[in-house]
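# Examination of the molecular architecture
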Amino acid sequence: MSVSSESTPRGWWHRNQMRAAPWLFLAPGIAFFALYVIYPIFQSFNISFYRWDGLGEPVPVGFENYRQLLDDRAFYVSLRNNVRWLVLYLLAIPAGLFIALFLNQQVRGIRLYKSLFFFPFVISQVVVGLVFAWFYNPSIGLFNPLIGLFGFAPMNVLGNPSTVTYGIIAAGLWPQIAYCMILYLTGLNAVDPEQVEAARLDGARGWRMLWYVILPQLRPATFIAVVVTVIGALRSFDMISVMTNGGPFGSSRVLAYYMFEVSLSEYGFRMGYGAAIAVILFLIMLVYIAFFLWRMWREERGV
Amino acid sequence: MFPTPVERRSAAVQNTYKALLPLALILWLLPLLMVALFSIKPDSDFTQGNLWGLPSAFAGFDNYTRVFTDSAMPRYLLNSVFITVPTVIGAVALSCMTGFALGVYRFRSNIWIFFMFVAGNFVPFQILMVPVRDLTLNMGLYDTRLGLVLFHIAFQTGFCTLFMRNFIRALPRELIEAARVEGVSEIRIFWYVVLPLMRPAIAALSVLIFTFIWNDYFWAVVLTQGVETQPVTAGITAFNSQFRAAYHMMSAGSIIAALPPVMMFFLMQKHFIAGLTLGAVK
């Protein structure tokens, strides 16, 4: 090996490149990210203390926007719907696991089946929303004839304030289940076959096998499934916008949608109020972000 | 394997399983199949109440042709391409560098910068909406594709950095150490040693980001308006008001709008799933 370069002094770059190189590589990424993601978060916090229509001079109002939120019925409706989304969306995880178990076989053509079960995930939420809106549509949709087979009376899922949110969540679950399914299929692929056989010899089967042998090995897949599902639930916007525009009577709004409506729609450009709603949504999300980072930090230290 | 492979079960179980598979698939894709059926029906089927039966005549060709000739759909699709492709290139290029920096070098703030990217990637869009729209307006880029692309690149860099950094961490360090001993400069190590090894990660990330950006709706609505700039996800609403209640046309339009990422997925399946399930296996 040559050691000739070791002691010969060359330019500044050559002497300092180990310290300078990471910053050189990081600079463009950090600049972009700081400008478009990090700084705007703080700006939104700031804007939430102003009354501002997006054009004129912002008027400082202190905590007025937050105080108004407390008396805003639409805010509570949105918050309650967010909780529904969060809770029901988590059903995607067991449902995805169930389908993954169903498809984890090696019969002919199973690869194609797996792909076809998965591909709703790559369709845009806008189109999924449209497809389900037509599916539910009382005059042309298949939904009513379908539930009619089981003796249910026809209903207008998206036109009824008490069913509309569930209808949209069901549409949202469709791609999310596909996502969880693919995570679990990958996880099942990596399950240690020797452990499974050993457990079989010990008489473990069915649910007991699943619970005590398989699920512990699927932990990493479950973790990712929880993270992406929670984030997905709190990000729900596209479907609500496409399927109902938050209606009927605002009953299918969530915070993400209500914020958009307040800041950028015909109801007026109330940027400060919108920012306050966004801050609340951000704080809810922050719990999960902190949890995720904490897990990662533990793992990093373990390495 | 779990559950028990069906080949080890009785013939009855095997046959039931094989019969259940297509049934389950049809049920699973039912809403989509309905729309696919609508898209090949002639207008008259809807007025005569022949909704779910076989089409009275095959009108698929006409319907899909009309999507391209009678509407602004081609323009929207083109806009989507001009928004998606530069974003993929930009975000992947930036994150190759950030991922390299965070994956290879040890320095004190490394983990904090990494966490900044990860945390930012999870942030709700709404907390960025007002300032980013304002920033784009001030730069004179509101209602331009460039304005949308710049934001997408910046935001996707968060997820891409997480991905690339973890990928590079898993590469053998000896290669880099060996190159350093030989006196290869850090920039050349990046270009000639690490980058070639990152090809699978670049492929996986490209198809993922392509899908994410093609399917974006929120930012398209916030940062653009009108036919000149909006991508197809936003354009489909205009398309649907043009063909109000013409379900055969709206169905054909939706399928066209959804198709590019679906094709991308089927063509690049291995990379797509490898990217999506990163970390699902220890």
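Residues numbered from 1 in each chain as written. Chains lettered and ligands numbered in written order. Predicted model: local features only at pLDDT ≥ 70, side-chain atom pairs only at ≥ 80, totals over all residues. Heavy atoms only, no water.

## Some remarks on the overall build of chain A
Regarding its fold elements, chain A presents 14 helices and two strands. Relative to the compact-globule value of 19 Å for 303 residues, chain A shows a C-alpha radius of gyration of 25 Å, a clear excess of over 25%. A principal-axis box enclosing the C-alpha atoms of chain A has dimensions of 85 × 75 × 30 Å. Taking all 303 residues of chain A together, 53% fall into the buried category. (Helix = DSSP H or I, 4+ residues; strand = E, 2+ residues; numbered from the N terminus. Rg over C-alpha atoms; globule rule 2.2 N^0.38 Å. Buried < 20%, exposed > 50% of the residue type's maximum accessible area, 1.4 Å probe, protein only.)

## Things to note about the domain arrangement of chain B
Residue and element names in this part refer to chain B. Segmenting chain B into domains produces domain 1 (6–62) and domain 2 (71–276). Each of domain 1 and domain 2 has a C-alpha centre, and these two points are 34 Å apart. At the junction of the two partners, domain 1 supplies seven residues and domain 2 supplies five residues. Interface of domain 1 and domain 2: buried area, both sides summed, is about 530 Å²; carbon and sulfur atoms make up 76% of it. In terms of surface lost to domain 2, no three residues of domain 1 exceed Val 35, Ser 39 and Phe 46, which account for 55% of the buried area on that side. Where domain 1 touches domain 2, the interface holds zero salt bridges. (Domains from an automatic or database assignment. Contact = heavy atoms within 4.5 Å. Buried area = accessible area lost by both parts, 1.4 Å probe. Salt bridge = Lys/Arg side-chain N within 4 Å of Asp/Glu carboxyl O.)

## So, the packing of helix H14 (residues 271–302) of chain A against helix H6 (residues 110–122) of chain B
Packed helix pairs are characterised by how far apart their axes lie and by the angle those axes make with each other. H6(B) packs onto H14(A) with a crossing angle of 145° between their chain directions and a minimal axis gap of 10 Å. Seen from above, H14(A) lies across H6(B) with right-handed handedness. Of H6(B), the residues touching H14(A) (which contributes A:Met285, A:Ile289, A:Phe292, A:Leu293, A:Met296, A:Trp297 and A:Glu300) are B:Ile111, B:Phe114, B:Phe115, B:Val118, B:Ala119 and B:Phe122. Classifying every residue of the contact of H14(A) with H6(B) by side-chain character gives 12 nonpolar, no polar and one charged. (Axes fitted to C-alpha atoms, helices over the stretch in contact; angles between N-to-C directions. Left-handed = near helix turned anticlockwise from the far one by under 90°. Nonpolar A, V, L, I, M, F, W, Y, C, P; charged D, E, K, R; others polar.)

## Notes on the packing of aromatic side chains
Throughout the structure, instances matching the rule amount to 53 aromatic pairs over all chains. Ring plane angle 25° and centroid distance 5.8 Å describe the contact between A:Phe117 and B:Trp28, whose orientation is recorded as stacked. One end of the pair, A:Phe117, is in helix H5 (residues 110–118); the other, B:Trp28, is in helix H1 (residues 11–28), on a second chain. There is no split in this pair, since A:Phe117 and B:Trp28 are both buried. With a centroid separation of 4.9 Å and 90° between ring planes, the pair formed by A:Phe292 and B:Phe122 is classed as edge-to-face. Here A:Phe292 is found in helix H14, whereas its partner B:Phe122 is found in helix H6 on a different chain. For the pair formed by A:Phe292 and B:Phe122, the shared burial category is buried. (Phe/Tyr/Trp six-rings, centres within 6.5 Å; stacked < 30°, edge-to-face > 60°.)

## Focus on the interface of chain A and chain B
Taken together, the 110 residues of chain A in the interface contact 107 residues of chain B. Interface of chain A and chain B: buried area, both sides summed, is about 9900 Å²; carbon and sulfur atoms make up 78% of it. Its largest share of buried area at the contact with chain B, chain A owes to A:Phe25, A:Tyr36 and A:Trp134, together 9% of the area lost on that side. On inspection of chain A and its partner chain B, the count reaches three salt bridges. For the salt bridge of A:Glu197 with B:Arg8, the shortest nitrogen-to-oxygen distance reads 3.4 Å. Inspection of the chain A/chain B interface yields 19 residue pairs in polar contact (both at pLDDT 80 or more). (Polar contact = N/O pair within 3.5 Å; in protein donor to acceptor, adjacent residues only side chain to side chain.)

## A few points about the environment of A:Phe45
With respect to the helices, strands and loops of the structure, A:Phe45 is situated in helix H1 (residues 12–47). Classification of A:Phe45 by relative accessible area gives partly exposed; the value is 27%. Residues A:Phe45 and A:Ile110, 65 residues apart in the sequence, show an inter-C-alpha distance of 50 Å. Other than its neighbours up to four places away in sequence, A:Phe45 contacts A:Val279, A:Phe282, A:Leu283 and B:Ile127.

## Examining H1(B)
Across its 18 residues, H1(B) extends 26 Å between first and last C-alpha, which sits within 8% of the 26 Å expected from 1.5 Å per residue. Among the residues of H1(B), those classed as buried are B:Tyr17, B:Leu21, B:Leu25 and B:Trp28. The elements touched by buried residues of H1(B) are helix H4 (92–103), H5 and helix H8 (164–189) of chain A together with helix H2 (30–39) of chain B. (Expected span 1.5 Å × (residues − 1).)

## Brief notes about a nonpolar patch on the surface
A cluster of nonpolar side chains, contributed by B:Leu78, B:Val81, B:Phe82, B:Val85 and B:Ile89, occupies part of the molecular surface with about 430 Å² of accessible area. Considering the arrangement of structural elements, one finds B:Ile89 in helix H5 (residues 73–104). (Patch = residues over 30% accessible without salt bridge, like charges linked within 9 Å, V, L, I, M, F, W, Y side chains within 5 Å. Areas by Shrake-Rupley, 256 points an atom, 1.4 Å probe, with all protein chains shown as cover.)

## Brief notes about unusual backbone geometry
Residues and elements named next belong to chain A. Cis geometry is found at the peptide bond from Gly 247 to Pro 248, where omega equals -5°. With phi around 55°, Asn 245 is a residue other than glycine that occupies positive phi space. On the secondary structure map, Asn 245 appears in the loop between helix H12 (238–243) and helix H13 (255–264).

## Examining the environment of B:Gln126
As for its placement among the helices and strands, B:Gln126 is situated in helix H7 (residues 126–138). For B:Gln126, a relative accessible area of 3% corresponds to the buried category. Linking B:Gln126 and B:Trp219, residues 93 residues apart in sequence, is a C-alpha distance of 9.9 Å. In this structure B:Gln126 touches A:Phe237, A:Ala256, A:Met259, A:Ala278, A:Leu281 and B:Phe218, once residues within four positions along its chain are discounted.

## Focus: the domain arrangement of chain A
Residue and element names in this part refer to chain A. Domain parsing of chain A yields domain 1 (12–47) and domain 2 (64–302). Put simply, the middle of domain 1 and the middle of domain 2, counted by C-alpha atoms, are 34 Å apart. In this complex, domain 1 contributes four residues to the contact, which on the side of domain 2 involves seven residues. Here domain 1 and domain 2 share an interface that buries about 420 Å² over both sides, 82% of which is from carbon and sulfur atoms. On the domain 1 side of the interface with domain 2, the three residues burying the most area are Ser 44, Phe 45 and Ile 47, jointly 86% of the side's total. Connecting domain 1 to domain 2 are zero salt bridges. Of the residues that constitute the side of domain 1 that touches domain 2, the class distribution is three nonpolar, one polar and no charged.

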